[in-house]
Amino acid sequence: MTIQSHERILMTGAAGNLGREMRDRLKANCAVLRLSDRQAFGEARPGEEVQLAELADAQAVSALVQGVDAIVHFGGISVEGPFDPILAANIVGIVNLYEAARKHGVRRVVFASSNHVTGFYRQSETIGVDAAPRPDGFYGLSKAFGEDVARFYFDRYGIETACVRIGSSFPEPRDRRMLATWMSFDDLHRLITACLTTPVLGWSVIYGMSDNAVTWWDNTGARHIGYKPQDSSDVFRDAVYARTSAPDLADPAVQFQGGAFVSMGPFE
Ligand code: 15L
């Protein structure tokens, strides 16, 4: 059962892959779900508000955050690419979001961080939630910055954040790497619900993954969040092996946890 813990939750990135999946699920967590993205994505449905905003626009973000009591932040750029758009949406954007949260008294944020914060750890390693960042590109760097911004706003202003280092949240694992990194949409919603409802969140890091037999991440240090995955990539394993070839161990995408992201770019 999902606990309706909040009156009004803001979800940014509502038109993105995960935003679209979480839209209906998150309605169980609040009386009103405020949805935002940078471009129009349709009308509000019952129980929703729609408010568009560019994350780099501080005034628009302030108006967006006014009146909500928690934020689920999926907005911004979610893949590796050139620095300038990442600077605007993920770096300026995250500061704008926390400044708005401070001004309007928002107490809790669920930040969609990414496994690319630690993408340069090896696939033969298991790391915990306290592993030092080893970003694998501009995107991973921007998420590491976002985690630091969240930590500063907790230390200075007491705004609690879960930095969810999401693995690969797709309908099913697309390749052998994702057997380790996969998280079902329902588990993502369970994890967000846990972050929104645990009594004391503080500033926390947790890896967003299902209960996969092969894993590179140990969430033991985030047990206070109370996330219990109920799905597993294991049911897809035979099919994934059947349609993919054996990994080339000399390929950086196979050596490092970030997969193909570790060798994207340079972009000019
Ligand atoms: C991410 O952070 C991306 O948003 C997503 O599209 C996937 O590429 C995922 O990481 C992954 O590492 O599989």
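Look up: the structure comes first, before these words.
Because the structure is predicted, anything quoted here is derived from the model rather than measured.

Our focus in this paragraph is the overall build of the protein chain. Across its full length, the protein chain carries eight helices and nine strands. Along the longest, intermediate and shortest principal axes, the C-alpha atoms of the protein chain span 50 × 45 × 35 Å. By residue count, 51% of the 268 residues in the protein chain fall in the buried class. Residue pairs at least 24 apart in sequence account for 68% of intrachain contacts in the protein chain once pairs closer than 6 positions are excluded. Taken as two groups, the 26 positive and 32 negative side-chain charges of the protein chain have centres that lie 3 Å from each other.

As a further point, take the side chain of Asp136. Relative to the helices and strands, Asp136 is located in the loop between β6 (127-128) and α4 (138-157). Despite its burial, Asp136 pairs with no opposite charge; the closest candidate is Arg177, at 6.4 Å N-O. Of the polar contacts made by the side chain of Asp136, one reaches the side chain of His116; its length is 2.6 Å. In contact with Asp136, other than residues within four places in its own chain, are His116, Gly119, Phe120, Gly258, Phe261 and Val262.

This next bit is on the pairing of strand β1 (residues 6-12). Of all the seven residues making up β1, six are buried; the element is thus mostly covered by neighbouring parts of the structure. As judged from the five bridges shared by β1 and strand β2 (residues 30-35), these two strands associate in the parallel manner. Paired with Met11 across the two strands is Leu35, which belongs to β2. Regarding topology, helix α1 (residues 17-25) serves as the crossover connection from β1 to the parallel β2, and that connection is right-handed.

Every residue close to the ligand is listed here: Ser78, Ser114, Asn115, His116, Tyr139, Gly167, Ser168, Phe170, Arg177, Met178 and Phe261. One nitrogen or oxygen atom from the side chain of Ser114 is found 2.9 Å from an oxygen atom belonging to the ligand. Here an oxygen atom of the ligand sits 3.0 Å away from a polar atom, N or O, in the side chain of Asn115. Protein coverage of the free-state accessible area of the ligand, which is 320 Å², stands at 82%. Split by residue class, the shell around the ligand holds four nonpolar, six polar and one charged.

Moving on: the packing of aromatic side chains. In the structure shown here, the tally under the stated rule is eleven aromatic pairs. Aromatic side chains Phe152 and Tyr153 sit 5.1 Å apart centroid to centroid with 85° between the ring planes, which places their arrangement in the edge-to-face category. Overall, the relative accessible area of 6% leaves Tyr153 in the buried class. Relative to Tyr157, the ring of Phe152 lies with its centre 6.1 Å away and its plane at 85°, an arrangement referred to as edge-to-face. Under the relative-accessibility criterion, Phe152 is labelled partly exposed at 43%.

Thresholds, definitions, all that
Residues numbered from 1 in each chain as written. Predicted model: local features only at pLDDT ≥ 70, side-chain atom pairs only at ≥ 80, totals over all residues. Heavy atoms only, no water. Helix = DSSP H or I, 4+ residues; strand = E, 2+ residues; numbered from the N terminus. Buried < 20%, exposed > 50% of the residue type's maximum accessible area, 1.4 Å probe, protein only. Contact = heavy atoms within 4.5 Å. Lys, Arg positive; Asp, Glu negative; His and termini not counted. Charge placed at Lys NZ, Arg CZ, Asp CG, Glu CD. Salt bridge = Lys/Arg side-chain N within 4 Å of Asp/Glu carboxyl O. Polar contact = N/O pair within 3.5 Å; in protein donor to acceptor, adjacent residues only side chain to side chain. Pairing = 2+ DSSP bridges. Right-handed = clockwise from strand over helix to strand, strands pointing away. Near = heavy atom within 4 Å. Areas by Shrake-Rupley, 256 points an atom, 1.4 Å probe, with all protein chains shown as cover. Nonpolar A, V, L, I, M, F, W, Y, C, P; charged D, E, K, R; others polar. Phe/Tyr/Trp six-rings, centres within 6.5 Å; stacked < 30°, edge-to-face > 60°.

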